Amino acid sequence: MIISMLRFKSRILIVCLTMTTAMLIAIPARALRLDLDSAIDRAIRENRSIAIDALNVRSARLGVDRATTRFDVELRPVLEFGTLDGKSTSLYGIEASKLLPGGTGIAARIESENFDRTIGRRARLAVEINQPLFRDFGRLINEEPVAQATSDLRRAERLFYTQRSDLVLDVIFTFENILRLERQVTADENSVERAEALLQSTRAKESLGRTTRIDSLRVELQHGQAQSRLLADRQQLESEYQAFAELLGIDFDEEIVLESSEQLELNLPKPVDAVAQAFDNRLDYAQALQDLEDTKRGTLIAEKLVLPDVTVTGRYTRSDKPFTFGDEDRSRWFFGVRGDTDLNKRAARIDIARAELDETSAEQRIRVIELGITRDVRQAMLRYRRAQAELSPLTSNLENAKTRLELAQRLFEVGRSDNFSVTDAEDAFLEAQTRLLSGQTQATLEAYRYLHTVAALIEFPDILKPGSRLP
């Protein structure tokens, strides 16, 4: 009864495997064929998350444009209607003003006014210059909104390129895992075929009384395990393909065929040179340096805000009949100084103290990042060397396991050994094969992970790298 149930379950597994195989290996003639480079290019173009990050960069760039508008020429219409002592008045004109980066404000106003019927309508021209002293003087204060918006833009761009590099690494990992699983599925299929051949041979020997039922059950168990392993690897392969399609922005139903790529091998530099390369390229390090510059600028601004607000004003006005400036014009000049300050400086001093703490924190964070980058680079180098070193013994182990399996099969066929040695050799061979496939993939992935660690996986704009300064 137990034997019949095992055989029945075995037939069901075979039917399921046949159907799954037909679904997975049936590739239409117009399947999408991709190598690693084309897959990366497509992911950069079509990935939906990257598209959202690109919109964030565009938004930040518009923020810079918006901040620079404070130095544009402003034009305002002047229009006023009312009554004065029971008499109607009217005024219309236009005013233009501009703020210079140093804080100087220039304004010009021309208007036509009517408030006294005996005098009639008069024209007036006014030009005014305001020059702040102390607190609001200089580019530091007046260009701060632009500097902050530019800093936000650089932060958004660095985040965009960092996530772009992460995406490329994800594509590479998924691509290589798919190739590994495809080779693993092929190995599983061969294992199933060998198990079926061994099962038939064992049953034949059992019918002749040259082996026991226990031996047949052992082979049937191994055959079922091989089928289950094949089914599980095929399902995992299908799952990886779906994840790959999502990374590339491809419809899940579209068939993909990947072309094998050569294993990447690196000539690693000295650790000190690798760390220096990371310091020259890592965007998180560049962002930490920019944060420090922002905090230093914030400290200078906080110290400047303690100064009094003093402005020198020069104004020239000229009025006459409407737009007929001549002998009857009236010109006036005005020079003056106005100021405002808070004699209680406690709040300002607190702001200075907080700005200095922010600056100190930013300096400490840079040191933490430097230590982290040094550790990451050295560990990435160690992982890559270890993965490369493991390839030779893994290859040798596979050759030995293959030789052992072939010898065990020949001895079993001539009756000089039982099938236990064959099943044991089969398990060892399959494990060695799996370990080698994983080791080869791991070595390739560690090479790419090292490039990602030193920020050499993709090119970054120089303006985003450490050492660049805000324009």
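In this text the structure is predicted, and so the values were computed from the model without any measurement.

1. Remarks on the overall build of the protein chain
Now for step 1: Of the regular secondary structure elements, the protein chain holds ten helices and eight strands.
Now for step 2: Per-residue burial over the protein chain gives 39% buried out of 471 residues.
Now for step 3: Across the protein chain, every contact between residues at least 6 apart in sequence was considered, and the portion connecting residues at least 24 apart equals 77%.
Now for step 4: Entry remark: accessible area of the protein chain is about 27,500 Å², with carbon and sulfur atoms responsible for 54%.

2. Here's the deal with unusual backbone geometry
Now for step 1: Located in the positive-phi region is phenylalanine 134, a residue other than glycine, with phi close to 60°.
Now for step 2: Mapping phenylalanine 134 onto the fold places it in strand β5 (residues 122–134).
Now for step 3: Judged by relative accessible area, phenylalanine 134 falls into the partly exposed class, the value being 45%.
Now for step 4: With a phi close to 60°, alanine 455 is a non-glycine residue in the positive phi region.
Now for step 5: Counting through the fold element by element, alanine 455 comes out in the segment after α10 (419–453).
Now for step 6: Looking at alanine 455, the relative accessible area reads 9%, which means it is buried.

3. Overview of a nonpolar patch on the surface
Now for step 1: A grouping of Leu133, Phe134, Leu307, Val312 and Val337 is seen on the molecular surface, where their side chains present a nonpolar patch of about 400 Å² in accessible area.
Now for step 2: Secondary-structure assignment places valine 337 in strand β8 (residues 330–340).

4. Examining the nonpolar core
Now for step 1: Core analysis: the biggest nonpolar cluster contains 68 residues, and Leu34, Val171, Phe244, Leu248 and Leu258 have the highest contact counts within it.
Now for step 2: Per-element tally for this core: the top contributor is helix α5 (residues 144–207), with 18 residues.
Now for step 3: Not counting chain neighbours up to four residues away, the residues in contact with leucine 34 comprise Ala39, Phe175, Phe244, Leu248, Ile250, Ile256, Val257, Leu258 and Glu259.
Now for step 4: With 14 residues, the next largest nonpolar core counts Val219, Leu398, Phe412 and Phe429 among its residues.

5. So, the pattern of salt bridges
Now for step 1: Within this structure, the stated rule accounts for 25 salt bridges.
Now for step 2: Several salt bridges share partner residues, and in doing so they unite Glu95, Arg109, Glu111 and Arg124 into one network.

6. Points about the environment of valine 127
Now for step 1: If you trace the backbone, valine 127 turns up in strand β5.
Now for step 2: Note on valine 127: relative accessible area 30%, which makes it partly exposed.
Now for step 3: Linking valine 127 and isoleucine 106, residues 21 residues apart in sequence, is a C-alpha distance of 7.6 Å.
Now for step 4: In contact with valine 127, other than residues within four places in its own chain, are Ala107, Ala108, Gly314, Arg315 and Tyr316.

7. With respect to the packing of aromatic side chains
Now for step 1: This model, assessed by the stated rule, comprises five aromatic pairs.
Now for step 2: Seen from their ring centres, phenylalanine 279 and tyrosine 285 are 5.1 Å apart, and the 35° between their planes marks the pair as tilted.
Now for step 3: The exposure class of phenylalanine 279 is partly exposed, given its relative accessible area of 21%.
Now for step 4: Ring geometry for tyrosine 316 against tryptophan 333: centres 4.5 Å apart, planes inclined by 45°, an arrangement best described as tilted. Here tryptophan 333 lies in strand β8 and tyrosine 316 lies in strand β7 (residues 309–320), a separation of 17 residues in the sequence.
Now for step 5: For tryptophan 333, a relative accessible area of 63% translates into the label exposed.
Now for step 6: Cluster of aromatic residues (ring-pair linked, three or more members): Phe160, Tyr161 and Phe460.
Now for step 7: A cation sits over an aromatic face here: arginine 70 above phenylalanine 71, 5.4 Å from the ring centre.

8. With respect to the environment of glutamine 442
Now for step 1: Counting through the fold element by element, glutamine 442 comes out in helix α10.
Now for step 2: C-alpha of glutamine 442 to C-alpha of glutamine 388: the two residues are 54 residues apart in sequence and 8.8 Å apart in space.
Now for step 3: Once residues lying within four places of it in the same chain are set aside, the contact partners of glutamine 442 are Ala387 and Arg449.
Now for step 4: Looking at glutamine 442, its side chain comes within polar contact range of the side chain of glutamate 446, at 2.6 Å.

9. Re the pairing of strand β3 (residues 87–99)
Now for step 1: Strand direction decides the pairing type here: β3 and strand β4 (residues 105–114), joined by ten bridges, are antiparallel. Residue pairing in the sheet places isoleucine 94 in a bridge with isoleucine 110 of β4.
Now for step 2: In this structure, the hairpin formed by β3 and β4 is closed by a connection of five residues, where glycine 103 is found at a positive phi of approximately 110°.

10. Some thoughts on helix α9 (residues 346–413)
Now for step 1: In this model, α9 (68 residues) spans 96 Å end to end at C-alpha, consistent with the 100 Å of a helix rising 1.5 Å per residue.
Now for step 2: At leucine 391, α9 is deflected by roughly 25°, the largest bend along its length, and proline proline 393 occurs up to four residues later in sequence.
Now for step 3: Immediately beyond the C-terminal end of α9, within one or two residues, lies glycine 415, with a positive phi of roughly 80°.

11. Digging into the confidence of the model for the protein chain
Now for step 1: When the pLDDT values of the protein chain are averaged, the result is 84; 87% of them are 70 or greater.
Now for step 2: Note on residues 1–29: pLDDT is under 50 here. Beyond four places in sequence and across chains, it has 26 contacts.

12. As for the packing of helix α8 (residues 283–304) against α9
Now for step 1: As a packed pair, α8 and α9 sit with axes 8 Å apart at the nearest point and diverge in direction by 165°. Judged by the angle between their axes, α8 and α9 are roughly antiparallel. Like other packed secondary-structure pairs, α8 and α9 cross with a definite hand, here left-handed.
Now for step 2: Split into classes, the residues belonging to the contact of α8 with α9 amount to eleven nonpolar, three polar and eleven charged.

13. Quick look at the pairing of β5
Now for step 1: Across nine bridges, the pairing between β4 and β5 is antiparallel. Note on β5: the bridge partner recorded for glycine 105 is asparagine 130.
Now for step 2: Relative to β7, β5 runs antiparallel, the two being bridged by twelve bridges. The residue of β7 that forms the bridge with isoleucine 129 is glycine 314.

Quick notes on the rules
Residues numbered from 1 in each chain as written. Predicted model: local features only at pLDDT ≥ 70, side-chain atom pairs only at ≥ 80, totals over all residues. Heavy atoms only, no water. Helix = DSSP H or I, 4+ residues; strand = E, 2+ residues; numbered from the N terminus. Buried < 20%, exposed > 50% of the residue type's maximum accessible area, 1.4 Å probe, protein only. Contact = heavy atoms within 4.5 Å. Areas by Shrake-Rupley, 256 points an atom, 1.4 Å probe, with all protein chains shown as cover. Patch = residues over 30% accessible without salt bridge, like charges linked within 9 Å, V, L, I, M, F, W, Y side chains within 5 Å. Salt bridge = Lys/Arg side-chain N within 4 Å of Asp/Glu carboxyl O. Core = buried A, V, L, I, M, F, W, Y, C linked by side-chain atoms within 4.5 Å. Phe/Tyr/Trp six-rings, centres within 6.5 Å; stacked < 30°, edge-to-face > 60°. Lys NZ or Arg CZ within 6 Å of the ring centre and 35° of its normal. Polar contact = N/O pair within 3.5 Å; in protein donor to acceptor, adjacent residues only side chain to side chain. Pairing = 2+ DSSP bridges. Expected span 1.5 Å × (residues − 1). Bend = angle between axes of the 7 residues up to and from the residue. pLDDT = per-residue confidence, 0-100. Axes fitted to C-alpha atoms, helices over the stretch in contact; angles between N-to-C directions. Parallel < 35°, antiparallel > 145°, perpendicular 65-115°, else oblique. Left-handed = near helix turned anticlockwise from the far one by under 90°. Nonpolar A, V, L, I, M, F, W, Y, C, P; charged D, E, K, R; others polar.

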